[in-house]
Amino acid sequence: MELLQRNGVQVAGKDCVVLGRSAIVGMPMALLLIQADATVRVCHSRTADIAAACAEADIVIAAVGRAGFVKGAWLKEGAVVIDVGINRMTDSSKK
């Protein structure tokens, strides 16, 4: 929420998707968004069409635990995306 607030992102009235339902990130983030008057959909591994849910969202919070899970093609123009991930990845630009 702090990232959204500091960057002037208006949350009230926005359609938000939280990817991941963990007790540490996903569900608390969903509750914070609800408290800020957003409409929230929580998606998880059993959600039928995650790409379609993301395509409708104004704000996407990715807390899936898998690097590169969200694809750019899934997002609508102007969507705000926050990736909460902490995965280690190799830097392909370094040799």
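For the structure itself, consult the block above.
Residues numbered from 1 in each chain as written. Predicted model: local features only at pLDDT ≥ 70, side-chain atom pairs only at ≥ 80, totals over all residues. Heavy atoms only, no water.

Here's the deal with the overall build of the protein chain
Keep this limit in mind: Going along the chain from the N terminus, every DSSP run of H or I of four or more residues is numbered as a helix, and every run of E of two or more is numbered as a strand. Both definitions apply: the radius of gyration is a C-alpha atom measure, and the globule rule equals 2.2 Å times residues to the power 0.38. Under the scheme applied here, a residue whose accessible area is under 20% of the maximum for its type counts as buried, over 50% as exposed, and between as partly exposed, the area being computed with a 1.4 Å probe on protein chains only. We call two residues in contact whenever any of their non-hydrogen atoms come within 4.5 Å of each other. In short, Shrake-Rupley with a 1.4 Å probe defines the accessible areas, and a residue's cover is counted only from the protein chains shown. When charges are counted, Lys and Arg contribute as positive and Asp and Glu as negative, whereas His and the chain ends are disregarded. Charge positions come from single atoms, namely NZ of Lys, CZ of Arg, CG of Asp or CD of Glu.
The secondary structure content of the protein chain amounts to three helices and four strands. In sequence order, the protein chain lays out its α and β elements as α-β-α-β-α-β-β. Here the C-alpha atoms of the protein chain give a radius of gyration of 14 Å, agreeing with the 12 Å that 2.2 N^0.38 yields for 95 residues. Projected onto the principal axes, the alpha-carbon positions of the protein chain cover approximately 45 × 35 × 30 Å. Counting over 95 residues, the protein chain shows a buried share of 28%. Put simply, 51% of the contacts in the protein chain that link residues at least 6 apart link residues at least 24 apart. As displayed, the protein chain has an accessible area near 6,500 Å², and 52% of this comes from carbon and sulfur atoms. Where the 11 positive side-chain charges of the protein chain centre and where its 9 negative ones centre are 10 Å apart.

Here we look at the pattern of salt bridges
Condition: A pairing counts as a salt bridge when a side-chain nitrogen of Lys or Arg comes within 4 Å of a carboxyl oxygen of Asp or Glu.
Following the criterion strictly, the structure yields two salt bridges and no others. Residue D58 pairs with K76 through a salt bridge whose shortest N-O separation is 2.7 Å. Of this pair, D58 sits in the loop between helix 3 (50-56) and strand 3 (59-62) while K76 sits in the loop between strand 3 and strand 4 (80-83), and the two are 18 residues apart along the sequence. Classification of K76 as partly exposed rests on a relative accessible area of 33%.

Some remarks on the packing of aromatic side chains
The description of an aromatic ring pair rests on the distance of the ring centres and on the angle between the ring planes. We count it as follows: Any two of the Phe, Tyr and Trp rings considered here, Trp counted by its six-membered ring, make a pair once their centres fall within 6.5 Å; the pair's planes then place it as stacked at under 30 degrees, edge-to-face at over 60, or tilted in between.
Within this structure, the stated rule accounts for one aromatic pair. Summarising the aromatic geometry, the rings of F69 and W74 are spaced 5.5 Å apart at their centres and angled 85° between planes, so their arrangement reads as edge-to-face. Each member of the pair F69 and W74 is classed as buried.

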